[in-house]
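# An overview of the molecular structure
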Amino acid sequence: MILKGNGFILRPWKKGDETSLTKNANNKKIWINLTHTFPHPYTIRDAKKWIKFSNKKLNKKTIFAIIIDNKAVGCIAFELGKGIYSKSATIGYWLGEKYWGRGIITSALKMVTDYAFDKFNIERIEAKVFEWNPASVSVLEKAGYAYESRFKKKVFKDGRLIDESLYVRFR
């Protein structure tokens, strides 16, 4: 699946993306806003593991590399809920710092959200954001997500206990 945006494309990760992925992902400003599964420093070995994981059958439909000038510069992905959560998904994203402030993530988030609602039988997509990340709040709101709740002292990251907010968009 390939989705075309204005100045970028979204496509599955592939062999050959490792160098660009590592270059863009190895940034503490990105790591600080993601879960513990995103390593720092980010190495070629991490990139190889990620690309292998993202190319499993279902993941190819839910995990997208953000490509600018034929280089993988970020990622946007959603995870489908299971069991009693089967009508929900959780979405997340990151973009190389060099590309911040251009509206790329907002546009990609709109595209992937629409794609997820179109291709999967879900009613709700959630996004979680750490208290120190107002830029991500802005992205979510511009993409039509609404604030739903705040979880006080839920996240322990970089030696700090912080709040996490939940944003949601419905079909």
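Refer to the structure printed above.
Bear in mind that the values here come from a model prediction, so they are computed numbers and not experimental data.

Cut-offs used in this document
Residues numbered from 1 in each chain as written. Predicted model: local features only at pLDDT ≥ 70, side-chain atom pairs only at ≥ 80, totals over all residues. Heavy atoms only, no water. Helix = DSSP H or I, 4+ residues; strand = E, 2+ residues; numbered from the N terminus. Contact = heavy atoms within 4.5 Å. Phe/Tyr/Trp six-rings, centres within 6.5 Å; stacked < 30°, edge-to-face > 60°. Buried < 20%, exposed > 50% of the residue type's maximum accessible area, 1.4 Å probe, protein only. Axes fitted to C-alpha atoms, helices over the stretch in contact; angles between N-to-C directions. Parallel < 35°, antiparallel > 145°, perpendicular 65-115°, else oblique. Left-handed = near helix turned anticlockwise from the far one by under 90°. Nonpolar A, V, L, I, M, F, W, Y, C, P; charged D, E, K, R; others polar. Pairing = 2+ DSSP bridges.

### What to know about the side chain of Ser165
Take Ser165: it is sitting in strand β8 (residues 160–170). Ignoring any residue separated from it by four or fewer positions in sequence, one finds Ser165 in contact with Ala127, Lys128, Val129, Tyr147, Ser149 and Arg150.

### Side note on the packing of aromatic side chains
Summed over all chains, the structure comprises 9 aromatic pairs. A ring pair is formed by Phe38 and Trp94, whose centres lie 5.6 Å apart and whose planes are at 65°; its orientation type is edge-to-face. Of this pair, Phe38 sits in the loop between α2 (28–31) and α3 (44–54) while Trp94 is found in strand β5 (residues 88–95), placing the two residues 56 residues apart along the sequence. Exposure class is identical for Phe38 and Trp94. Each is buried.

### Quick word on the packing of helix α5 (residues 104–119) against helix α6 (residues 134–142)
Packed helices, taken two at a time, are described by the angle between their axes plus the distance between the axes. One can describe the packing of α5 onto α6 by two numbers: an axis separation of 9 Å at closest approach and a directional angle of 45°. As far as their axial angle goes, α6 and α5 are oblique. Where α5 crosses over α6, the handedness of that crossing is right-handed. The segment α5 lies against α6, with Ile105, Thr106, Leu109 and Lys110 engaging Val139, Leu140 and Lys142. The class makeup of the residues in the contact of α5 with α6 is 4 nonpolar, 1 polar and 2 charged.

### Comments concerning the sheet that holds strand β6 (residues 124–130)
Spatially, 8 strands are ordered β1-β2-β3-β4-β5-β6-β8-β7 in an open sheet, and the strand pairing comes out mixed. Because the sheet does not close on itself, it has two edges, and the strands there are β1 (3–4) and β7 (146–157). As paired elements, β1 and strand β2 (residues 9–11) share 2 bridges and run antiparallel to each other. Along β2, the bridge assignment pairs Lys4 with Ile9.

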